[in-house]
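Survey of secondary and tertiary structure
Read off the chains here:
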Amino acid sequence: MTVDTMRIGFIPLVDAAALIIAVDKGFAAEEGLAIELMREVSWSNVRDKLNIGLFDAAHLLAPLAIASTLGIGHVKVPLLAPFMLGLNGNAITVCPALYDALVLAANGGLDDPKVSAQALGRVVTERRRRGDEPLTFGMTFPFSTHNYQIRFWMAAGGVDPDEDVRLVVLPPPYMVDSLASHQVDGFCVGAPWNSVAVKLGIGRIIHFGCDIVARAPEKVLAVRAAWATNRASALERLLRALHRATDFINDSAREDEVVALLAAPNRVDVAPEIIRGTLSGQMQMALDGSSRVCADYILIGRDGGARPEPAHAAWLYAQMVRWNQAALSPDLLAAAKACFRPDLYDAALGGATSAKLPRKLLDSVGGFTGPLFDPDDMAGYVRALSVHDR
Amino acid sequence: MHEDSRFTAGKAHALLLRDPALKIVIVDENPVRAAILADGLREAGYIDVTWIEETASLLARIYSLDPDVILIDLENPSRDVLAQMFQVSRAVKRPIAMFVDQSDAAAIEAAVDAGVSAYIVDGLKKERIEGILDLCISRFNAFARLKDELERAQTALSERKVIDRAKGIVMKLKNISEADAYAMLRKTAMNENKKIAEVAQSVVTAAELLK
C-alpha cells in the first residue's frame, strides 16, 4: 500500500475528536495515510485554506460546507461531506441578570425551551417598552448551527433575531470575556466555553443544543468535490480510519486515553475534566451546583451520527432560507442535499454501520417546536415558522 | 510567497493608481506589522489609514469608521466577525464583499500564504484597490522574513551566551584554558551527536543544580 500524505485543518474543539484520535492513535497510519493536522483560529481560515487546496480536508461547520457549495456569502467552491464528525455539542448560556429576568417572566420551569423562549419574548417586549437597549447575543458564525439554534429558540418566543435583539458573531475564545464585560447578555457556543462561563460565575447554561434541536448536524469532514474524485482511495481509507476512531471514542474503557489525547496542547488544549464532561454530557449548569447529565449532549459517531444524511443538509438549507441567507429554489435545495454524501460513507464502510437504526430517526432533526420538517415542502415549513405570524 | 513578477508589477501599478480618497482599516494585533503595512500604504499615497488593535466591539468600530477596504491578519480569530458583514441584515450599513472573487484564485492563494485577508465595500471598482492587496502581500512577506531573521539572530545570540557561560564553568572546574574548554564541549557534542549549545545548556543546568 502506498502512503498518502494529507493536510487536514481543524479548530480546537471537542468535536474534532474523530480526526485527532484517527491520527494520534495510528488508525490513519494503518490505512496508509500520513496526516498532518493543522490547527486554525477561524472558520474563515479553514474554509479558505480548504478552498484553495492548502488543506486536503477539514473539520468544518456543516452549514458552512453547504454555503460554500452554494456560493453564499463567499467564493463558490463545491464541497462534499462524506462523514459527520459530530452532532450536537452546543449550549445556550445567559448572564445572571438575564436569567433572573427570565425566571420572573416565565410561566413554568425554564428547562422547557418553550417556556424559556416565551419568557425571553416577554423580557424583550418589556425592555422595548421601557426604552432599554436591546439584548445582545453572541454566536460563532453566520453559517453555523449555533446561529440557527439560538434563532430557532428566540423565534419560538416571538422574538425576531434580526429586529428585536442584536445577534453578533464572536470568536469562541472571546465569548466568556464578552459576557463578563456585559457586551453580550448570552450566547450559543460549543464546549468548553459554556462551562468556563459557569465556573467563573458569570453565566448559567439554560439549554443544551439538543433541547432545541434533537439531532443537529454540527460538524462535517469536508473535502473539495474534485479532490474526492481524484483521491477516491485515500478518502475511502480516511473514512475507515475516522470510523475506527469514533468506535474508540465511544468505548467507555478508553475514556481516559481519549481525554488525554484530546487535551494535548497541540490538539484541543483544554482541561481534561472539561473534555470528559463534554463527551459524557455531564455539565454544571450554574455555579450554585446544579448539574445535568444528557447522553445526547454531543454525539460523535454514536447512534448513526457519523453518516451524513441529505435530509439534514436540507434542514440546514431551510434555516438559510428562513433567515434570508439563501433564496428558496429547487436547484439550491438539490445542491445542498448533494453536498452530504452517504453513498461515499456507505461505500467505504460497507453500509453496515447505521442500517439497524430506523430511517425516520436518522432523517429527523427534531426541533422542539414548529411543524415536522419536510424537505419536500420547504416553502410550507419556512412559512409555518414565520416569527411575525405569532 | 515568492516575490514573483506579479507582485513587483503590482507595486508599480499601485504607485500609478493610488487613490488617496480610499479609507483603509488595518485589523492586526501585531503593532510592528501594522506599522509596516500602514507606512507602506501611506508611501503609496493612501492617506486615510486606520489601525485597529483592540478586537472588542470590532464590528461597531468598523461601522463607525465606515471603511472602503479592510485588511486583517489571518491569525486573528476576529476574522469570523467580519463574516457577519456579508449577511443581509438591518444592522449592516452597506454590504461588503471579499476582494478576491472567483476569478482571483492566484490572488487569494498569495494572500492566504502571506497571512493576510482583504475585504472591500461592494461596488468598489477592482482596479482602484488592486495595488493595495499586492502591497499588503509584499509587506506581510517582508515582515515574516524580518521576524524569521530576528528569531534566528536571537537564537544565535542566546546560544553564544550559554556557550560562554559553560566555557567559564568548565575552565574554573577543570582549571583549563578557554580554548581547551571549548574543545571539550565540542568533542562531547560530537560524541553525543548534539549541538554545542545543547551540551553547554546541560553544563549550565548542572552547575546551577550543584550550586
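Residues numbered from 1 in each chain as written. Chains lettered and ligands numbered in written order. Predicted model: local features only at pLDDT ≥ 70, side-chain atom pairs only at ≥ 80, totals over all residues.

1. What about the overall build of chain A?
Where we set the bar: In this description a helix means any DSSP run of H or I spanning at least four residues, a strand means any run of E spanning at least two, and both kinds are numbered starting from the N terminus. What the globule rule says is 2.2 Å times the number of residues to the power 0.38, and the radius of gyration is computed from C-alpha atoms. Burial in this document is a count-based property: other C-beta atoms within 10 Å of a residue's C-beta are tallied, and the residue is buried at 20 or more, exposed at 12 or fewer, or partly exposed in between, with C-beta positions derived from the backbone. By the convention adopted here, residues make contact when the C-beta atoms placed from their backbones lie within 7 Å.
Helix and strand content of chain A: 19 helices and 13 strands. A compact globule built from 390 residues should have a C-alpha radius of gyration of about 21 Å, and chain A, at 20 Å, falls within 12% of that. When each of the 390 residues of chain A is scored for burial, the buried share is 57%. Put simply, 76% of the contacts in chain A that link residues at least 6 apart link residues at least 24 apart.

2. Comments concerning the sheet that holds strand 9 (residues 204-208) of chain A
Residue and element names in this part refer to chain A. The line we're drawing: Between any two strands, at least two bridges found by DSSP are needed for them to pair. To get an axis, fit a line to the C-alpha atoms, keeping to the stretch in contact for a helix; angles then go from 0 to 180 degrees between the N-to-C directions.
With respect to topology, five strands assemble into an open sheet ordered 7-6-8-5-9, the strand pairing being mixed. Each edge of the open sheet is held by one strand with a lone partner, namely strand 7 (166-169) and strand 9. Sheet twist, expressed as the mean angle between neighbouring strand axes with direction ignored, is 25°. Bridging between strand 6 (residues 136-139) and strand 7 involves four bridges; their strand directions are parallel. Each bridged residue has a counterpart across the sheet, and for Met 139 the counterpart in strand 7 is Val 169. Against the sheet, helix 8 (residues 172-180) makes contact with strand 6 and strand 8 (186-190), and its axis sits at roughly 155° relative to strand 8, the strand it touches most.

3. Concerning the interface of chain A and chain B
Counting residues at the interface gives 26 residues for chain A and 24 residues for chain B. Top contributing element to the side of chain A that touches chain B by residue count: helix 3 (residues 43-51) of chain A, with five residues.

4. Regarding unusual backbone geometry
In most cases, non-glycine residues show a negative phi, while peptide bonds are predominantly trans. Of the consecutive residues A:Ala191 and A:Pro192, the connecting peptide bond is found in the cis state with omega at 5°. Structurally, A:Pro192 is set in the loop between strand 8 and helix 9 (193-199). For B:Asp66, which is not glycine, the phi torsion reads 55° and is therefore positive. The topology assignment puts B:Asp66 in the loop between helix 3 (58-65) and strand 3 (69-73).

5. Digging into the nonpolar core
Inclusion rule: In plain words, the nonpolar core is the set of buried Ala, Val, Leu, Ile, Met, Phe, Trp, Tyr and Cys residues that C-beta atoms within 7 Å link up.
Counting 181 residues, the largest nonpolar core has A:Ala222, A:Tyr317 and B:Leu71 as its most contacted members. Among the elements that line this core, the one with the most residues is helix 12 (residues 232-249) of chain A, at nine residues. Among the nonpolar cores identified, the runner-up in size contains nine residues, and B:Val170, B:Ala181, B:Ala200 and B:Val203 belong to it.

6. Topic: the environment of B:Gly168
Here B:Gly168 shows up in helix 6 (residues 126-174). The spatial distance from the C-alpha of B:Gly168 to the C-alpha of B:Glu208 is 13 Å, given a sequence separation of 40 residues.

7. What to know about the domain arrangement of chain A
All names here are of chain A. Applicable threshold: Annotation comment: domain bounds sourced from an automatic or database domain assignment. Side-chain classes are defined by residue name, with Ala, Val, Leu, Ile, Met, Phe, Trp, Tyr, Cys and Pro counting as nonpolar, Asp, Glu, Lys and Arg as charged, and the others, Gly among them, as polar.
We note that the domain assignment places domain 1 (4-87 + 218-271 + 301-384) and domain 2 (90-215) within chain A. Each of domain 1 and domain 2 was reduced to a C-alpha centroid, and the two centroids are 26 Å apart. Contact residues are listed per partner, giving 23 residues for domain 1 and 20 residues for domain 2. When its residues are assigned to classes, the side of domain 1 that touches domain 2 shows 13 nonpolar, eight polar and two charged.

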